[in-house]
Amino acid sequence: MTKKDNPTDRRDFLQQSILGSAGAGLVIASTSHVAAAASTDSSEPELINEVDVLVVGGGTAGTIAAIQAGRAGANTLLLERNAQLGGTMTTGGVAFPGLFDAWGQQVIAGIGWELVKECVELDGGEFPNFAKVPQRHWHNQVHINQFLYALLAEEKCEQAGVEIAYYEFPQSVEKTDTGWQVECAGFGTRRRILCKQIIDCTGGAEVVGLMGLDRLREDERQPGSFLFKMDTAHNPAENQLHRLYVHGADSTNSRTVTKANLTGRKAILAKVRNAKQRLMHLQPETGFRESYRIVGEIMITVNDYTSGRVFDDAVAYAFYPVDLHTKSGVKPKPLKPGTVPTIPLRALVPKGSQNVIVAGRCVCSDRLANSGLRVQASCMAMGQAAGAAAALAAKTGSTPLQVPLASIHGVLRENAAIIPETSAV
Ligand SMILES: Cc1cc2nc3c(=O)[nH]c(=O)nc-3n(C[C@H](O)[C@H](O)[C@H](O)COP(=O)(O)OP(=O)(O)OC[C@H]3O[C@@H](n4cnc5c(N)ncnc54)[C@H](O)[C@@H]3O)c2cc1C
């Protein structure tokens, strides 16, 4: 019997009892059942968590998914490989989420909007007037303070009982009788997570890839961008940051991300030298517009998107022009007046899978549809829907697609989401 399997060699405890527990040598915030192995056996993890829902990726969609799952009563763990929540909104510096409105009214609300609204209010910022149809779509993006957003996101997770694990990522995922066993690594930490449901919010469907499920990726992807500011001080939520395209940016692994970051920073250094201006602000990493999308139970096509198809299993609206960046820039194609696309639950579920759902820019969609769906308000709405579906599936011992749609809608409405009218409910 290994040390991990021997209860006498293991200190089992729940969250409150381990906070500040010097004897165990651990200070982690945990709402889940945690076992800290006293073992020095290098093949075994130091930590074992048993949770209902594991959210991987604490970015735009993942933060909202975790809060929703926690609020719906699921014991939820959120794994994020970087140092803060918010993903592209904070670490990437794209701090102008949109679009929450379409044609003069709000179409996306819920937990994402709650967080954005609180952030703007606490920062003394301004809201666009959603009752007015803007001349250019980006006029109605909401400018937020990226630093404050990351702090508020942590607070909301804590209030929802969500445990956060930074600097960690999954290394392997295996099926169990009741869900998944996920082996994770961080620096100085190895953790085994036993969970009923996984929500993959990594942007590039990395967990779905680890599971061996199919993903899609274009040979040529939209450029990434590095965000920075020269000359004048960066006033968060007021100044726009400058953007520098990083062509060929690839978020597949640490090597490709390193390459994108080195390329972006080198180009910014050259700009500073040429312009002879002071560098006043630089985000820590490249923002990636496009990488892998899942092969889902249904694909949202550009025709579905631009015609505003109302799917039977719609869980949210989305709204943005078709917005494909290329080597020569971007020419957004606005949607026709009155058109508001919808997102079906099936586009969040990898084909043929059980007990896993995704949210964010990896939603199953063709490339052009994805160029509109990938924006932040839509990612937040998907996150909330995935969080509700996973929490209900964990509670009922089913999978996200088996949960009655009306129950998912019910949980979403309790949390102020706006749901498209569908004939199926
Ligand atoms: C330069 C740029 C400009 C944009 N402009 C706009 C705009 O004007 N308006 C708008 O609304 N949207 C805009 N977008 C799009 C939008 O910001 C993104 O598509 C959206 O934020 C993606 O959300 P997500 O949750 O899918 O991924 P992310 O927000 O990127 O979150 C993914 C998270 O997962 C984490 N992660 C990844 N892999 C792992 C792993 N293996 N283990 C643990 N954690 C992991 C990452 O660290 C990250 O925190 C822009 C994007 C870019 C790059």
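Residues numbered from 1 in each chain as written. Predicted model: local features only at pLDDT ≥ 70, side-chain atom pairs only at ≥ 80, totals over all residues.

Novice: Go over the overall build of the protein, please, and point to the residues and values.
Specialist: Tallying secondary structure elements over the protein gives ten helices and 20 strands in all. Here the protein, with 425 residues, has 48% of them falling under the buried criterion. Sequence-distant contacts in the protein: of pairs separated by 6 or more residues, those separated by 24 or more amount to 72%. (Helix = DSSP H or I, 4+ residues; strand = E, 2+ residues; numbered from the N terminus. Buried ≥ 20, exposed ≤ 12 C-beta atoms within 10 Å, placed from the backbone. Contact = placed C-beta atoms within 7 Å.)

Novice: Tell me what's going on with the site of the ligand, and back it up with residues and numbers.
Specialist: Of all residues adjacent to the ligand, which total 37 residues, the nearest are G57, G59, G87, G287 and G360. Tallied by class, residues from the shell around the ligand come to twelve nonpolar, 18 polar and seven charged. (Near = placed C-beta within 6 Å. Nonpolar A, V, L, I, M, F, W, Y, C, P; charged D, E, K, R; others polar.)

Novice: Account for the environment of H139, with residues named and values stated.
Specialist: With respect to the element layout, H139 can be found in the loop between α3 (110–122) and α4 (146–159). What makes H139 partly exposed here is the crowd of 13 C-beta atoms within 10 Å. Separated by eleven residues in sequence, H139 and P128 have C-alpha atoms that sit 7.4 Å apart. Not counting the four nearest positions on each side in its chain, H139 is found in contact with P128 and P134.

Novice: Would you mind going over the sheet that holds strand β12 (residues 224–230) in detail, with residue names and values included?
Specialist: With respect to topology, three strands assemble into an open sheet ordered β13-β12-β14, the strand pairing being antiparallel. Only two strands of the sheet have a single partner each, and these edge strands are β13 (242–246) and β14 (279–282). Strand-to-strand twist across the sheet, computed as the mean angle between neighbouring axes with direction ignored, equals 35°. Note that β12 and β14 share three bridges and pair antiparallel. The partner of F228 across the bridge, within β14, is L282. (Pairing = 2+ DSSP bridges. Axes fitted to C-alpha atoms, helices over the stretch in contact; angles between N-to-C directions.)

Geometry only, nothing functional implied.
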